[in-house]
Amino acid sequence: DAGITQSPRHKVTETGTPVTLRCHQTENHRYMYWYRQDPGHGLRLIHYSYGVKDTDKGEVSDGYSVSRSKTEDFLLTLESATSSQTSVYFCAIRTTGGDSPLHFGNGTRLTVT
Amino acid sequence: GIQVEQSPPDLILQEGANSTLRCNFSDSVNNLQWFHQNPWGQLINLFYIPSGTKQNGRLSATTVATERYSLLYISSSQTTDSGVYFCAVDLFGGTASKLTFGTGTRLQVTL
């Protein structure tokens, strides 16, 4: 268990509303990631963080922003949710540096109606 | 960008059978990881394997980086092996390594 907690686990929201997903880790790992998983696309990187206040974009970052104000929390925000953002969102961490095994949280299922 | 292809896309086995899953990638990588997504959606890291062979119980993996492929072997399959198996290649660029995932092999193990 890599000590990753995602919240909420499930959320239904309406188009145009803001949504924030939280990833919390208990072991002070430096590298954190947000992925989305969609049928036919596998897992795709949205944003990642390599330290407090240090973040960068992944391959599908449009429509998403992130923040990391403290080591243990990495927040993913959809400023104005769209139906195309209906997905399962996974947070992940690397436990021993920037090139080490990746471990995932249990995911957040988001539905945008 | 790099292409990661997995085969077969779907596989049905009887309990006790062996299987080999393949992952091909189109460019040089730092390392490769295998994951299992169980029917409840949890993603478990199976192997971190930039090259060579590793074994963990009934599962083993081999990566031949020079030929740009990796194999995952499942022996004496059990129903608990069902789920989707992903390989992911690690590319270092900029500030951190980032994984690019294949689209997976869906395995169903039947009694």
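See the structure shown above.
An account of the accompanying structure is given in this report. Here the residue numbering is sequential within each chain, running from 1 through the sequence in written order. Ligands are numbered from 1 and chains lettered from A, in the order in which they are written. Reporting in this predicted model follows two pLDDT cut-offs: at least 70 for local features of residues, and 80 or more for side-chain atom pairs to be given and counted; totals over whole chains, interfaces and linings ignore these cut-offs and use all residues. Heavy atoms throughout the structure, all of them, feed into the side-chain values; hydrogens and water do not.

**A short note on the state of the cysteines**
Residue and element names in this part refer to chain A. Condition: The criterion for a disulfide is a pair of cysteine sulfur atoms lying within 2.5 Å. Comment: elements are numbered from the N terminus, with helices defined as DSSP H or I runs of at least four residues and strands as E runs of at least two. For every residue, the accessible area obtained with a 1.4 Å probe (protein chains only) is divided by the maximum for its type, and the residue is called buried under 20%, exposed over 50%, and partly exposed between those limits.
What the rule picks out here adds up to 2 disulfides over all chains. The disulfide that involves cysteine 23 links it to cysteine 91, with 1.9 Å between the sulfurs. Where cysteine 23 bonds to cysteine 91 through sulfur, the torsion about that S-S bond is close to -70°, and the disulfide is left-handed. Highlighted residues: cysteine 23 in strand E3 (residues 19-25) and cysteine 91 in strand E9 (residues 87-94), separated in sequence by 68 residues. Accessibility assignment for this pair places cysteine 23 and cysteine 91 in one class, buried.

**A closer look at the pairing of strand E7 (residues 64-70) of chain A**
All names here are of chain A. What counts, and what does not: Here, strands pair whenever DSSP counts at least two bridges between them.
Taken together, the 5 bridges between E7 and strand E8 (residues 73-78) define a ladder with antiparallel strand orientation. In the sheet register, serine 65 faces E8, and the bridge partner there is threonine 77. What sits between E7 and E8 in their antiparallel hairpin is a turn of 2 residues.

**Remarks on the environment of Tyr50(A)**
Summarising the element assignment, Tyr50(A) is placed in strand E5 (residues 42-51). Remark: the alpha-carbon pair of Tyr50(A) and Ser61(A), spanning 11 residues in sequence, is separated by 16 Å.

**A few points about the pattern of salt bridges**
All names here are of chain B. To keep it simple, the criterion reads: By definition here, a salt bridge exists when the distance from a side-chain nitrogen of Lys or Arg to a carboxyl oxygen of Asp or Glu is within 4 Å.
One pass over the structure, following the stated rule, counts 6 salt bridges over all chains. The partner of arginine 58 in a salt bridge is aspartate 81, and the shortest N-O contact between them spans 2.9 Å. Of this pair, arginine 58 sits in the loop between strand E6 (52-56) and strand E7 (59-64) while aspartate 81 sits in the loop between strand E8 (69-74) and strand E9 (83-93); the two residues are 23 residues apart in sequence, bridging distant segments of the chain.

**Notes on the pairing of strand E11 (residues 108-112) of chain A**
All names here are of chain A. Side chains Thr108, Leu110 and Val112 of E11 all project onto a buried face; the interleaved residues Arg109 and Thr111 project onto a face where none is buried. Looking at chain direction, E9 and E11 are connected through 3 bridges and run antiparallel. When the sheet's bridge partners are listed, serine 87 is paired in E11 with leucine 110.

**Examining the interface of chain A and chain B**
As a reminder of what qualifies: We call two residues in contact when some of their heavy atoms are within 4.5 Å. Throughout, buried area stands for the accessible area (probe radius 1.4 Å) lost by two parts on being put together, summed over both.
Taken together, the contacts link 22 residues of chain A with 21 residues of chain B. Summing both sides of the interface, chain A and chain B together bury roughly 1700 Å²; the carbon and sulfur share of this comes to 54%. When residues of chain A are sorted by the area they lose upon contact with chain B, Leu43(A), Asp99(A) and Phe104(A) head the list and together hold 27% of the total. The partner of Asp90(B) in a salt bridge is Arg94(A), with the nearest N and O atoms 3.0 Å apart.

**So, the sheet that holds E3(A)**
All names here are of chain A. Heads up, the condition is: What counts as an axis is a line fitted to C-alpha atoms, over the stretch in contact for a helix, and the angles between N-to-C directions run from 0 to 180 degrees.
Reading across the sheet, the 4 strands line up as E1-E3-E8-E7 and stay open at both edges, with antiparallel pairing between neighbours. Two strands in the sheet have a free side with no partner beyond their single neighbour: strand E1 (4-7) and E7. The mean angle between the axes of side-by-side strands here comes to 20°, regardless of whether they run parallel or antiparallel. Sheet analysis places E1 next to E3, joined by 4 bridges and oriented antiparallel. By the bridge assignment for E3, threonine 5 is matched with histidine 24.

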